[in-house]
Amino acid sequence: MAADQHGCPLLACPHSSSCRLFFPEDPVKIVRAQGQYMYDEQGAEYIDCISNVAHVGHCHPLVVRAAHEQNQVLNTNSRYLHDNIVDYAQRLSETLPEQLCVFYFLNSGWGNSSSKKET
């Protein structure tokens, strides 16, 4: 497999186009994150304005704890019916106008695009 100038085969792969979108010349290699910040191999700090975790931050202790507890019981996506999906849909519907009563639980931009095509 071909490698980039840093010897990283993933960055030379055609699947890394999202890296090249934001960093066309020299992609930033992130090794850890905390709160709203991400850190590269040299420890340089970056404010994360791209990821979809900005509203709670990276490694938020309550989110980490909830994910850990859920993963010990069931680790799946919304393809399968389980009580958490039904409970969440019920709680969500109580905060919205009555006509907004159908939910598609998605986890990515691709999913959001697909849902728009179905409506």
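Relevant structure appears above.
Structural notes, computed from the coordinates. Source: prediction; values computed, not measured. (Residues numbered from 1 in each chain as written. Predicted model: local features only at pLDDT ≥ 70, side-chain atom pairs only at ≥ 80, totals over all residues. Heavy atoms only, no water.)

**Some remarks on the overall build of the protein**
Then comes step 1: Helix and strand counts for the protein come out as 5 helices and 3 strands.
Then comes step 2: Starting at the N terminus, the α and β elements of the protein follow one another as α-α-β-β-β-α-α-α.
Then comes step 3: Long-range pairs, those at least 24 residues apart, make up 8% of the contacts in the protein between residues at least 6 apart in sequence.
Then comes step 4: Accessible surface, the protein: about 9900 Å² in total, of which carbon and sulfur atoms supply 56%. (Helix = DSSP H or I, 4+ residues; strand = E, 2+ residues; numbered from the N terminus. Contact = heavy atoms within 4.5 Å. Areas by Shrake-Rupley, 256 points an atom, 1.4 Å probe, with all protein chains shown as cover.)

**Here's the deal with the pairing of strand β2 (residues 37–40)**
Residues in a regular strand project their side chains so that they alternate between the two faces of the sheet.
Then comes step 1: Across 4 bridges, the pairing between strand β1 (residues 30–34) and β2 is antiparallel. Within the sheet, the bridge partner assigned to arginine 32 lies in β2 and is tyrosine 39.
Then comes step 2: Where β1 hands over to β2, the hairpin turn is made up of 2 residues, of which glycine 35 adopts a positive phi near 60°.
Then comes step 3: Here 3 bridges tie β2 to strand β3 (residues 45–47), and the two strands are oriented antiparallel to one another. Note that in β3 the partner of methionine 38 across the bridge is tyrosine 46.
Then comes step 4: In this structure, the hairpin formed by β2 and β3 is closed by a connection of 4 residues, where glycine 43 is found at a positive phi of approximately 90°. (Pairing = 2+ DSSP bridges.)

**Examining the sheet that holds β1**
Then comes step 1: Pairing is antiparallel in the open sheet, where 3 strands are placed in the order β1-β2-β3. In this open sheet, the two strands that pair with only one neighbour each are β1 and β3. Adjacent strand axes in the sheet meet at a mean angle of 30°, parallel and antiparallel pairs treated alike. (Axes fitted to C-alpha atoms, helices over the stretch in contact; angles between N-to-C directions.)

**Some thoughts on the packing of aromatic side chains**
Then comes step 1: Inspection of the entire model under this criterion finds 0 aromatic pairs.
Then comes step 2: Over the ring of tyrosine 39 we find arginine 32; its NZ or CZ atom is 4.0 Å from the centre of that ring. (Phe/Tyr/Trp six-rings, centres within 6.5 Å; stacked < 30°, edge-to-face > 60°. Lys NZ or Arg CZ within 6 Å of the ring centre and 35° of its normal.)

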